[in-house]
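Descriptive analysis of the structure
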Amino acid sequence: MNTPEKEQQLFFHTYKRLSLEIDRGEGCYLFAKDGKKYLDMFAGLAVNVLGYNHPAIIKAIETQIRKYNHLSNYFIQETQVQLAEQLLKISGYEKIFFTNSGTEAIEGALKLVRKWGSAKKKINVFGMTNGFSGRTMGALSLMDKDKYRAGYGPFLEHCGHIEFNNVESLKSSVDVNTAAVFLEFVQGEGGIVPVTQDFVETLKNLSEKFGFLIVADEIQSGIQRSGKFFAFQHFNIEPDIVTVAKPIGGGLPLGAIIGSHKVADVWTYGVHGTTFGGNPVACAAGLAVLNALTTREMQVHINAMSEYLFAKLHDLQQKHHVIKEVRGMGLMIGVELHRESAPIVDAMLAKGVLANATAATVVRILPPLILSKKEADEFLTIFQEVLNEL
Ligand SMILES: Cc1ncc(COP(=O)(O)O)c(C=O)c1O
């Protein structure tokens, strides 16, 4: 049996995997075992922001792994403290808790919100329609799509859904009993859909009126992906809690819950925890990611590449009426089509470009943030070729 056949036999069939066997990665490219080269325009689902084989990440991992690769959270760990310090300094928040994944950050944020609300008799939490929070039960409770929820109920009690970007739905849902509203400021899995300023303003006013918390899910949009450190920074709002994951561990499993002064004292010794969360090697890699991404040059680069890609994709839209809309922020771009996106993504793969189909009709583009203009042009050429062949 070859490896793909073994995979079929051994695994629960939760992933419909690509028929590619990757040997190694370098920069924005992946090299398959058959020698074929692929330009990676979805970066391991928004994780590999510095591409593959980045020297700073490798050096950080090597240095840390020679000291210790795990101690447990019984110990104070230097790289963990350094990453915490950096993240809080950059974001201006007060407290942090490290997790292993995005969904675990969401679960932790839910617990933090519930504990905060329990003292104030505020129990209701809300997610958004078309949102994505993860695969664990709390995360699924915040989501509304059958695609992810069917057969898994019952879900968390007192957990509802507000229609994304619908101000009336927001107004009619929240009240004094609301503990928190969770949202992605740019919905990722949902097809790269940014929130409207109007919706954010209303949310901000209602949270002040009723005294509930706003939780920003920045797991996909955070850490410079949107062109700013957090996507919410485009909307003149300061959420009370922020969840991050995906890019923050430089390809190793790491996430975090970041809290403002409002929730700084909610958790006390022993009320929440994890064995692996904040693994020192992942934190060392995370420090390398932050060092690389927060330079002025990198910020200018990300915004320049974003402008370039948006301009070129809008040009393509003029020529190809199959493109309904080009939307997003920074290097988080969705091209909505008037037809299914999966065959387009398959055709691009055959020509050596990896993109991702999400929300049925959207081609999702989440390249490494180090993407060069030459690489962007390579993607644009192949995308155009595929559209021409339709
Ligand atoms: C916005 C958002 N929240 C939460 C998650 C869940 O993260 P993880 O897959 O690391 O559990 C994802 C993953 O795609 C996400 O995009």
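Residues numbered from 1 in each chain as written. Predicted model: local features only at pLDDT ≥ 70, side-chain atom pairs only at ≥ 80, totals over all residues.

Brief notes about helix α5 (residues 102-118)
Keep this limit in mind: Helical segments are the DSSP runs of H or I of at least four residues, strand segments are the runs of E of at least two, and each set is numbered from the N terminus. What a helix is expected to span follows from its residue count: subtract one and scale by 1.5 Å. Buried means a residue has 20 or more other C-beta atoms within 10 Å of its own C-beta, exposed means 12 or fewer, and partly exposed covers the counts in between; C-beta atoms are placed from the backbone.
Taking 1.5 Å as the rise per residue, α5 with 17 residues should run 24 Å; its terminal C-alpha atoms sit 24 Å apart, in good agreement. For α5, a buried count of 13 out of 17 residues is recorded, marking the element as mostly surrounded by other parts of the structure.

A short note on the sheet that holds strand β13 (residues 323-329)
Within a beta sheet, neighbouring strands are joined by backbone hydrogen bonds and run either parallel or antiparallel to one another. Note the following rule: Only when DSSP finds a minimum of two bridges between them are two strands counted as paired. Every angle, taken between N-to-C directions, lies between 0 and 180 degrees, and every axis is a line fitted to C-alpha atoms, over only the stretch in contact when it is a helix. Here, residue contact means that the backbone-derived C-beta atoms of the two residues sit within 7 Å.
If you walk across this open sheet you meet the four strands as β13-β14-β17-β16, and the pairing is antiparallel. Of all strands in the sheet, those with a lone pairing partner are β13 and β16 (356-358), marking the two edges. Geometrically, the sheet is characterised by an average inter-axis angle of 25 degrees between neighbouring strands, direction not taken into account. Strand direction decides the pairing type here: β16 and strand β17 (residues 362-365), joined by three bridges, are antiparallel. Looking at the pairing, N356 lines up with R364 of β17. Of the strands in this sheet, β13 and β14 (332-337) are in contact with helix α11 (residues 296-319), which crosses β13 at around 170 degrees. Contacting β14, β16 and β17, helix α12 (residues 342-350) crosses the sheet at an angle of about 175 degrees to β16.

A closer look at the site of the ligand
For the record, the criterion: As a rule, any residue with its backbone-derived C-beta atom within 6 Å of a molecule or strand is reported as near that molecule or strand. Three classes are used: nonpolar for Ala, Val, Leu, Ile, Met, Phe, Trp, Tyr, Cys and Pro, charged for Asp, Glu, Lys and Arg, and polar for all others, with Gly counted as polar.
In the vicinity of the ligand there are 14 residues, among which G102, T103, G134, I219 and Q220 approach most closely. Class assignment for the residues of the shell around the ligand results in four nonpolar, seven polar and three charged.

A short note on the pairing of β17
Across the two faces of β17 the burial is the same, with V362 and R364 and V363 and I365 all buried. Taken together, the four bridges between β14 and β17 define a ladder with antiparallel strand orientation. Within the sheet, the bridge partner assigned to V335 lies in β17 and is V363. Linking β16 to β17, which pair antiparallel, is a turn of three residues; within it A359 sits at a positive phi near 50 degrees.

Examining the nonpolar core
Definition in use: A set of buried residues qualifies as a nonpolar core if it consists of Ala, Val, Leu, Ile, Met, Phe, Trp, Tyr and Cys joined through C-beta atoms within 7 Å. Residue ranges assigned to each domain were obtained from an automatic or database domain assignment.
Counting 114 residues, the largest nonpolar core has V113 and V181 as its most contacted members. Split by domain, this core shows at least three residues from each of two domains, domain 1 (3-54 + 296-388) and domain 2 (55-293). Discounting chain neighbours no more than four positions away, the residues touching V181 are F126, I162, V174, L203, F212 and I214.

Remarks on the domain arrangement of the chain
Size of an interface: often given as the accessible area lost when the parts come together. The assigned domain composition of the chain is domain 1 (3-54 + 296-388) and domain 2 (55-293). The straight-line distance from the C-alpha centre of domain 1 to that of domain 2 is 25 Å. Each partner contributes to the interface: domain 1 provides 27 residues, whereas domain 2 provides 27 residues. Of all elements in the fold, only α2 (43-46), α11, β13, β14 and β17 reach the threshold of two or more residues within the side of domain 1 that touches domain 2. Per-class residue counts for the side of domain 1 that touches domain 2 are 14 nonpolar, ten polar and three charged.

Details of the pairing of strand β2 (residues 29-32)
Strand residues, when the strand is regular, have side chains that alternate between the two faces of the sheet. The pairing of strand β1 (residues 22-26) with β2 spans four bridges and is antiparallel. Within the sheet, the bridge partner assigned to I22 lies in β2 and is A32. From the end of β1 to the start of β2, which pair antiparallel, there are two residues, and G27 there has a positive phi angle of about 60 degrees. Bridge count for β2 against strand β3 (residues 37-40) is three bridges, and the pairing is antiparallel. Of the residues in β3, the one forming a bridge with F31 is K37. Where β2 folds back onto β3 in an antiparallel hairpin, the turn is made up of four residues, including G35, whose phi is positive at roughly 95 degrees.

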